[in-house]
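The chain contents come next:
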Amino acid sequence: MELKDKTIIIFGASSGIGEALARSLSKDNRVGTFSRRPFNSPNQNSLHVQGDVTKPEDIKNAMTVFKDKWAAIDGFIYSVGKAQITDFKKFQADDVRKLMDTNFFGFLNCLEAILPDLLTQKTGMIGMVSALMVGRSLPNGAAYFSTKAAQHVFFEGLRMDLQNQGLHFFEIRPGLVDTPMAREVDVKSDKMWSADKAAQHIIQQMKRNETDISFPLDLKLVTQSLNVLPDSAYFKIVKSQMDKNFRNKN
Ligand SMILES: NC(=O)c1ccc[n+]([C@@H]2O[C@H](COP(=O)([O-])OP(=O)(O)OC[C@H]3O[C@@H](n4cnc5c(N)ncnc54)[C@H](OP(=O)(O)O)[C@@H]3O)[C@@H](O)[C@H]2O)c1
């Protein structure tokens, strides 16, 4: 797809992958940004609306502002997300519900607000950031990886059902990217990319009309092989490897 003179809305643009994407895409496109904190725009091509994706009225308000400014919207990318360490000794279902509200239902709220226009136009793009790991959990990751699995399966169904409607769907599945979220849960790895490197890669793949933007390749291959292991082998490998890359904050 040509990424020039498009109007793209980025949800989750105040930091991390969304911010890097918004900065880069705003060089050649009009970019509407949405998050609770501001987006520091590098140029005149973007417009920020503050809001919370768990509040559908905030999204509807933002879309009114964007459409008043630019008329038609060419699509959106959902880069909103929160991490959460699951500690079953202090388990509260409501913590998981809140995480689902942000990581999963927030996407659905954006979809509800924007999809009708895209279906009418019969052209446009919908991108969503999930994660490389969408089929299995990791230690202390029951809540977070459940939200990623839900995102992935829902998106697959969305693509399947709307494949002949003129829309382009792409799922962005990062491995490890150095962002505030990754720092919050103390991820450390030599496989980690900067947010700018991730954004450049994502944009390059969007231009090639890729539908599965998974990276980096070596972690993608590792994840694919882990997915086919029986549980007993998977549990053993993961338990031993996790101590090298994560510190349990509980
Ligand atoms: N970093 C990694 O290693 C990694 C790996 C795999 C997948 N991912 C996924 O990548 C996506 C982006 O994460 P990131 O690493 O770039 O983290 P990040 O820097 O923490 O960015 C998260 C963004 O989400 C926004 N956000 C959070 N809650 C929101 C809400 N209720 N309403 C509106 N915006 C909200 C934040 O803005 P405000 O706080 O200002 O609202 C921020 O702009 C997430 O889905 C994450 O799961 C990241």
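The structure reproduced in this document is the subject of the present report. (Residues numbered from 1 in each chain as written. Predicted model: local features only at pLDDT ≥ 70, side-chain atom pairs only at ≥ 80, totals over all residues. Heavy atoms only, no water.)

Quick word on the site of the ligand
Surrounding the ligand, one finds 28 residues, the nearest of these being Ser14, Arg36, Arg37, Tyr144 and Thr179. Contacts to the ligand include Ser15, whose side-chain N or O atom sits 2.8 Å from an oxygen atom. Within the backbone of Gly81, one N or O atom sits 3.4 Å away from an oxygen atom of the ligand. Where the shell around the ligand is concerned, the elements lending two or more residues are helix H1 (16–25), helix H4 (142–161) and helix H5 (180–184). (Near = heavy atom within 4 Å. Polar contact = N/O pair within 3.5 Å; in protein donor to acceptor, adjacent residues only side chain to side chain. Helix = DSSP H or I, 4+ residues; strand = E, 2+ residues; numbered from the N terminus.)

Side note on the packing of H1 against helix H6 (residues 195–207)
Across the interface, H1 lies against H6 with an axial gap of 8 Å and an inter-helix angle of 60°. The angle between the axes of H1 and H6 places the two elements in the oblique class. The crossing of H1 and H6 is right-handed. For the pair H1 and H6, the contacting residues are Gly16, Ile17, Ala20, Leu21, Ser24 and Leu25 in the first and Ala195, Asp196, Ala199, Gln200, Ile202 and Ile203 in the second. (Axes fitted to C-alpha atoms, helices over the stretch in contact; angles between N-to-C directions. Parallel < 35°, antiparallel > 145°, perpendicular 65-115°, else oblique. Left-handed = near helix turned anticlockwise from the far one by under 90°. Contact = heavy atoms within 4.5 Å.)

Let's talk about helix H2 (residues 56–70)
The end-to-end C-alpha distance of H2 is 21 Å, a good match for the 21 Å that 15 residues give at a rise of 1.5 Å each. Among all positions in H2, only Ile59, Ala62, Met63, Phe66 and Trp70 are buried. End-on view of H2: buried residues confined to an arc of 100°, all on one side of the axis. Looking at H2, the residues exposed on the side facing more than 90 degrees away from the buried face are Glu57 and Asp68. Looking at the packing, one finds that the buried side of H2 touches strand S1 (7–11), strand S2 (30–35), strand S3 (46–50) and helix H3 (93–121). At the exit of H2 stands Ala71, carrying a positive phi of roughly 65°. (Expected span 1.5 Å × (residues − 1). Buried < 20%, exposed > 50% of the residue type's maximum accessible area, 1.4 Å probe, protein only. Arc of directions from axis to C-beta.)

As for the packing of aromatic side chains
Enumeration according to the criterion identifies 14 aromatic pairs in this entry. Considering the side-chain rings of Tyr234 and Phe235, the 6.4 Å spacing of their centres and the 65° angle between planes classify their relative orientation as edge-to-face. A relative accessible area of 54% places Phe235 in the exposed class. Joined through ring pairs, the aromatic side chains of Phe11, Phe34, Phe76, Tyr78, Phe104, Phe105, Phe107, Phe154, Phe155 and Phe169 make up one cluster. Sitting over the ring of Tyr234, Arg136 keeps its end group 3.9 Å from the ring centre. (Phe/Tyr/Trp six-rings, centres within 6.5 Å; stacked < 30°, edge-to-face > 60°. Lys NZ or Arg CZ within 6 Å of the ring centre and 35° of its normal.)

Let's talk about the nonpolar core
If you look at the biggest cluster of nonpolar residues, it comprises 30 residues, and the most contacted ones within it are Phe11, Phe76, Tyr78, Phe107 and Ile126. The element best represented in this core is H3, accounting for 9 residues. Setting aside chain neighbours within four positions, we find Ile126 in contact with Phe76, Phe107, Leu111, Leu115, Leu118, Phe155, His168, Phe169 and Phe170. In this structure, Leu21, Trp193, Met206 and Ile213 belong to the second largest nonpolar core, which totals 27 residues. (Core = buried A, V, L, I, M, F, W, Y, C linked by side-chain atoms within 4.5 Å.)

With respect to the sheet that holds strand S5 (residues 124–129)
Here we have 7 strands laid out as an open sheet, ordered S3-S2-S1-S4-S5-S6-S9, and parallel in their pairing. The two strands at the open ends of the sheet, each matched to only one other strand, are S3 and strand S9 (212–215). The sheet shows a mean angle of 15° between the axes of neighbouring strands, taken without regard to direction. Packed on one face of the sheet, H4 meets strand S4 (75–78), S5 and strand S6 (167–174) and runs near 160° to S6. H6 rests against S4, S5, S6 and S9 of the sheet, and its axis sits at about 150° to S9. (Pairing = 2+ DSSP bridges.)

Interpretation note: all reported values are geometric properties and have no functional meaning in isolation.
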